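Geometric and topological summary
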Amino acid sequence: MSFLNDIFERLRTLGVEPVLAEMQDGKPLETTARQLLAQVAQAREVLHGAGVASGDRVVLLAGNSVRRIAADLAIMAEGAIVVPMYARQAESELAEIIRDCTPTLVVCGDDALRSASRAEMEDAPPCITLADIFDSDPADAEAKNAFSELTPREESAATTIIYTSGTSGVAKGVVLTAENIGYMLGCTSERLDVLMRIHRRRDRVFHYLPLNFAGSWIMMLTCLKRGSLLILCTDLTRLAQDMPKAEADYFLNVPQLLERLRKGVDEQMEARGSLALYAYARGRQAWLRQKAHQGSIADFLWVNLTQLAVFPMIRRTMFSNNVRALICGSAPLSEDTQLYFEMLGIAVLQVYGLTETTAICTMDDPEGGGRKVVAGRVGPAVAGCEMKLGDNDEILVRGPNVFAGYWNRPEETAQVLETRADGVWFHSGDQGEVDTRGNWKIVGRLKNLIIMGGGHNVAPEPIEDKIMAALPGAQHAVLVGNGKSYLSLLVSGNVADDAINSAVAVVNREMPHYRQIRTFQRVAEPFSIENGLLTANGKLKRDAITKRYADEIEAMYDRKVVA
């Protein structure tokens with residue numbers, strides 16, 4: 001695996017330079033490249049002693065930590081296939097995935113996760129914890145070259161099986177090869193070279209997203225390949241405090257966090273009131289008018305004032321002065337939020353991709369190259385990756401980033417990988433559009449299309465996003481209406497009926513008749529990973545939601561409608 005050789009060679013070269021850190025009590029506790037290599041060597045010895053051989057599957061069920069990363073690298077170095085799993089996954093889902101991938105060994109972060117992984121299994125595979133690996137008396141792992149004999153493996157062989165979040169069914173194992181991963185690390189490293197071109201020191205990267213997600217995992221490997229300092233947040237309750245103290249140049253985000261940060265600043269400014277709130281509001285309005293080329297001289301003055309006195313303070317409080325960019329993926333980011341951070345002087349670079357495309361198909365280019373960053377779009381396709389629109393504006397993808405297939409699911413693989421005269425194309429299931437400069441926009445999810453009784457097809461995501469923007473306090477908005485004559489809405493969160501009515505009225509004014517919402521229902525239960533209504537990365541499980549609230553949905557179609 002050439003990408004793994006590259007990583008180990010970079011670690012050898014860096015020696016006593018720190019490459020990983022964990023935030024502890026507001027400070028990064030650093031691990032040098034040499035120390036990481038020693039931990040990987042120690043983990044390899046334990047894995048070998050446990051009978052792990054080339055081609056075996058090894059489940060890795062742990063939260064983010066230096067030890068987790070060392071175990072991950074060790075599994076691949078032994079030639080085994082790493083199967084990363086989410087530490088907050090429901091026990092039934094853990095059992096389902098473990099049964100599906102038939103691992104030789106399960107490596108858990110702690111005893112609690114070991115118990116969870118075995119809770120619903122009568123014949124569970126052997127399981128060890130990270131403490132079993134790293135708290136034992138090590139051999140002199142640091143003194144020997146643990147990677148002179150990497151277990152050989154073809155570039156086309158499976159390297160990892162990453163299970164999809166399963167928004168509408170059982171999670172499927174996505175098989176990624178060394179070739180997939182090596183290609184993608186080249187793409188991400190090249191784009192980060194552009195971002196950091198005039199920077200003199202090694203990148204500092206903050207990381208809080210779970211490493212079982214494909215994009216998060218690729219970011220971790222990219223940082224190791226580049227020799228960056230990757231700073232891990234291991235306690236999400238301290239995320240707001242740790243972000244500025246990490247003094248990072250950039251980090252990977254999901255839209256939910258950026259939306260939450262934006263709302264948090266608005267609430268803090270309202271609480272402060274008086275002059276600060278007035279200046280913030282005036283500066284924001286003036287900036288938006290200037291962005292739309294409608295600014296006046298007064299707007300010019302207000303923008304300059306707030307860029308000197310208000311916006312830097314907000315930026316410093318959230319991220320520190322070092323931040324150069326926020327990288328955002330996993331779901332489309334609202335245009336308003338992207339513009340908001342641009343106003344603060346922080347570039348938001350969007351990334352689009354799926355686990356099946358080794359996490360990435362498109363990336364915003366920080367230098368533009370004729371295709372400048374456009375708010376609401378996710379950038380151009382990465383080099384070597386081809387994208388085009390198929391039926392119903394479905395995004396089709398071809399290139400070395402496209403996965404090998406689903407683990408032990410040939411029929412499902414055949415449904416998404418289509419062999420044509422010009423090659424094999426992956427059917428993403430996402431609806432998109434592309435502008436004349438090649439910048440892509442994600443419109444919706446094909447499988448989420450609402451097929452109405454009158455024959456209209458409605459993508460729910462854009463309408464839900466508009467409702468959420470108009471309805472502060474709402475947790476989630478879910479559009480329903482399959483086979484019905486009109487659309488209805490489920491809303492979770494602490495919001496009043498009058499507020500929902502007002503938001504619906506605002507959104508309906510922009511919509512043709514068949515996309516207008518006619519009635520709604522508030523639901524008391526929050527949607528969460530634990531109750532099975534959200535996937536591991538926070539996406540709506542629409543099938544589970546419509547099943548859970550089937551009675552409420554039917555009741556909406558039995559009552560008098562809003563309009």
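Provided above is the structure to which this section pertains.
Procedures and definitions
- Throughout this description, residue numbers start from 1 for each chain and increase along the sequence as written.
- Residue-level local features of this predicted model are given only where pLDDT is at least 70; pairs of side-chain atoms are given and counted only at 80 or more, and the full residue set underlies all totals for whole chains, interfaces and linings.
- Only hydrogens and water are set aside; all other atoms, that is, all heavy atoms of the structure, feed into the side-chain values.
- Runs of E in the DSSP output that reach at least two residues are strands. Runs of H or I that reach at least four are helices, and both are numbered from the N terminus.
- Note on exposure labels: buried denotes an accessible area under 20% of the residue type's maximum, exposed denotes more than 50%, and partly exposed covers the range between, all computed with a 1.4 Å probe on protein chains only.
- By definition in these notes, contact holds between two residues if any of their heavy atoms fall within 4.5 Å.
- Only the protein chains shown count as covering a residue, and every accessible area follows the Shrake-Rupley method with a 1.4 Å probe.
- In summary, the charge assignment counts Lys and Arg as positive and Asp and Glu as negative, without counting His or the chain termini.
- Taken as the charge location is NZ of Lys, CZ of Arg, CG of Asp or CD of Glu.
- In plain words, nonpolar cores are sets of buried Ala, Val, Leu, Ile, Met, Phe, Trp, Tyr and Cys residues tied together by side-chain atoms within 4.5 Å.
- Two rings from Phe, Tyr or Trp (for Trp, the six-membered ring) form a pair when their centres are within 6.5 Å of each other. A pair whose planes differ by under 30 degrees is stacked, one over 60 is edge-to-face, and the rest are tilted.
- Only when the NZ of Lys or the CZ of Arg is both within 6 Å of the ring centre and within 35 degrees of the ring normal is a charge said to sit over the ring.
- In protein, a polar contact requires one atom able to donate a hydrogen and another able to accept it; more generally it is a pair of N or O atoms within 3.5 Å, and residues adjacent in sequence count only if both atoms are side-chain atoms.
- Only strands that DSSP links by at least two bridges are regarded as paired with each other.
- An axis is simply a line fitted to the C-alpha atoms; with a helix, the fit covers only the stretch in contact. Between two such axes, the angle follows the N-to-C directions and lies from 0 to 180 degrees.
- Salt bridges are counted wherever a side-chain nitrogen of Lys or Arg sits within 4 Å of a carboxyl oxygen of Asp or Glu.
- Expected span of a helix, by definition, is 1.5 Å for each gap between consecutive residues, and there is one gap fewer than residues.
- For classification purposes, an angle smaller than 35 degrees is called roughly parallel, one larger than 145 roughly antiparallel, one from 65 to 115 roughly perpendicular, and anything else oblique.
- Amino acids outside the nonpolar list (Ala, Val, Leu, Ile, Met, Phe, Trp, Tyr, Cys, Pro) and the charged list (Asp, Glu, Lys, Arg) are all regarded as polar, and Gly is one of them.
- The sense of a crossing depends on the near helix, which, turned anticlockwise from the far helix by less than a right angle, makes the crossing left-handed and, turned clockwise, makes it right-handed.
- Any cysteine sulfur atom paired with another within 2.5 Å is treated as part of a disulfide.

Some points on the overall build of the protein chain
- Scanning the protein chain for helices and strands turns up 19 helices and 25 strands.
- In terms of its C-alpha atoms, the protein chain occupies a principal-axis envelope of roughly 70 × 55 × 50 Å.
- Expressed as a percentage of its 563 residues, the buried residues of the protein chain come to 55%.
- Across the protein chain, contacts joining residues at least 24 apart in sequence account for 66% of those joining residues at least 6 apart.
- Carbon and sulfur atoms make up 49% of the accessible area of the protein chain, which totals about 24,400 Å².
- The centroid of the 60 positive side-chain charges in the protein chain is displaced by 6 Å from the centroid of its 71 negative side-chain charges.

Points about the nonpolar core
- In terms of nonpolar packing, the biggest core is built from 128 residues, with Phe8, Leu73, Phe206, Leu221, Phe319 and Phe341 touching the most fellow members.
- Within the second largest apolar cluster, 23 residues are counted, among which are Val59, Ala95, Ala124 and Ala171.

Section: the packing of aromatic side chains
- Using the criterion set out here, one finds 11 aromatic pairs in the structure.
- Ring centres of Tyr86 and Phe213 lie 5.7 Å apart, and the angle between their planes is 35 degrees; on these two criteria the pair is classed as tilted. Pair noted here: Tyr86 is in the loop between β4 (81-85) and α4 (91-101) and Phe213 is in the loop between β9 (204-207) and α8 (214-226), with a separation of 127 residues, a long-range link.
- For the pair Phe403 and Tyr406, a centre-to-centre distance of 4.9 Å together with 65 degrees between the ring planes defines the contact as edge-to-face. By the burial criterion, Phe403 is buried, and Tyr406 matches it.
- In this structure an aromatic cluster arises from ring pairing among Phe206, Tyr208, Phe251, Phe319, Tyr340 and Phe341.
- The side chain of Lys172 reaches across the aromatic face of Tyr406, ending 5.1 Å from its centre.
- Positioned over the ring face of Tyr557 is Lys484, at 5.1 Å from the centre of the ring.

Considering the environment of Thr102
- The topology assignment puts Thr102 in the loop between α4 and β5 (105-108).
- Taking relative accessible area as the criterion, Thr102 reaches 45% and is therefore assigned partly exposed.
- Taking the C-alpha atoms as reference points, Thr102 and Val58, 44 residues apart in sequence, are found 8.7 Å from one another.
- Among the polar contacts made by the side chain of Thr102, one reaches the side chain of Arg57 at a distance of 2.8 Å.

A closer look at the sheet that holds strand β11 (residues 250-253)
- Strand order in the open sheet formed by 8 strands is β2-β1-β10-β9-β11-β12-β13-β14, with mixed pairing between adjacent strands. Looking at strand neighbours, the two that pair on one side only are β2 (27-32) and β14 (362-363), the edges of this open sheet.
- In this structure, strand β1 (residues 18-24) lies alongside β2, joined through 6 bridges in antiparallel fashion. Residue pairing in the sheet places Gln24 in a bridge with Lys27 of β2.
- Helix-sheet contacts for α8 involve β1, β9, β10 (229-232), β11 and β12 (325-328), and the interaxial angle to β11 is about 160 degrees.

With respect to the sheet that holds strand β25 (residues 517-523)
- In spatial order, the strands read β23-β24-β25; together these 3 strands make up an open sheet with mixed pairing. Of all the strands in the sheet, the pair left with one neighbour each is β23 (474-480) and β25. In this sheet, neighbouring strand axes are inclined to one another by 25 degrees on average, regardless of whether the strands run parallel or antiparallel.
- Sheet topology places β23 next to strand β24 (residues 487-493); 6 bridges connect them, and they run antiparallel. Looking at β24, one finds that Ala477 is bridged to Val491.
- Helix α16 (residues 460-470) contacts β23, β24 and β25 of the sheet and is inclined by roughly 145 degrees relative to β23.
- Taken strand by strand, helix α17 (residues 497-508) contacts β24 and β25, and its axis lies near 150 degrees from that of β25.

Things to note about the side chain of Thr177
- The topology assignment puts Thr177 in strand β8 (residues 173-177).
- Residue Thr177 is classed as buried on the basis of its relative accessible area of 6%.

Description of the pattern of salt bridges
- Across all of its chains, the model carries 28 salt bridges by this definition.
- With its nearest N and O atoms 2.5 Å apart, the salt bridge here joins Arg44 to Glu78. With Arg44 in helix α2 (residues 33-49) and Glu78 in the loop between α3 (66-77) and β4, this pair connects stretches of sequence that are 34 residues apart.
- Here Asp111 makes a salt bridge to Arg114, at a shortest N to O gap of 2.9 Å.

Regarding the pairing of β5
- Along β5, one buried face is formed by Leu105 and Val107 and the opposite face, lined by Val106 and Cys108, is buried too.
- When strand β3 (residues 57-61) meets β5, the two strands line up parallel, connected through 4 bridges. Following the sheet pairing, Val59 is matched in β5 by Val106.
- Bridging between β5 and strand β6 (residues 127-129) involves 3 bridges; their strand directions are parallel. Following the sheet pairing, Val107 is matched in β6 by Ile128.

Regarding α2
- Given a rise of 1.5 Å per residue, 17 residues ought to cover 24 Å, and the 25 Å separating the end C-alpha atoms of α2 matches this to within 8%.
- Taken residue by residue, α2 has Ala33, Leu36, Leu37, Ala38, Val40, Ala41, Gln42, Ala43, Arg44 and Leu47 as its buried positions.
- Of the residues flanking the end of α2, it is Gly51, one or two places downstream, whose phi is positive at about 90 degrees.

Notes on the packing of helix α11 (residues 274-291) against helix α14 (residues 335-343)
- Put simply, α11 and α14 touch, their axes get as near as 11 Å, and they point 110 degrees apart. Here α11 lies roughly perpendicular to α14, going by the angle between them. Where α11 approaches α14, its residues Tyr280, Arg284, Trp287 and Lys291 are matched on the opposing element by Leu339, Tyr340, Glu342 and Met343.
- Of the residues that constitute the contact of α11 with α14, the class distribution is 5 nonpolar, no polar and 3 charged.

Comments concerning the packing of helix α1 (residues 2-14) against α3
- It is at 11 Å that the axes of α1 and α3 come closest, and there the two elements cross at 130 degrees. Between α1 and α3, the angle falls in the class oblique. When you trace α1 past α3, the crossing you get is left-handed. Counting all contacts with α1, which are made through Phe3, Leu4 and Phe8, the residues of α3 involved are Leu73, Met76 and Ala77.
- Classifying every residue of the contact of α1 with α3 gives 6 nonpolar, no polar and no charged.

So, the state of the cysteines
- Evaluation of the coordinates by the stated rule reveals 0 disulfides.
- No disulfide involves Cys127; its sulfur sits 3.4 Å from the nearest other cysteine sulfur, which is in Cys108.
- Just so you know, Cys328 is unpaired, no disulfide at all, and the nearest cysteine sulfur is the one on Cys361, 16 Å from it.

Just geometry here; none of it tells us what the structure is for.
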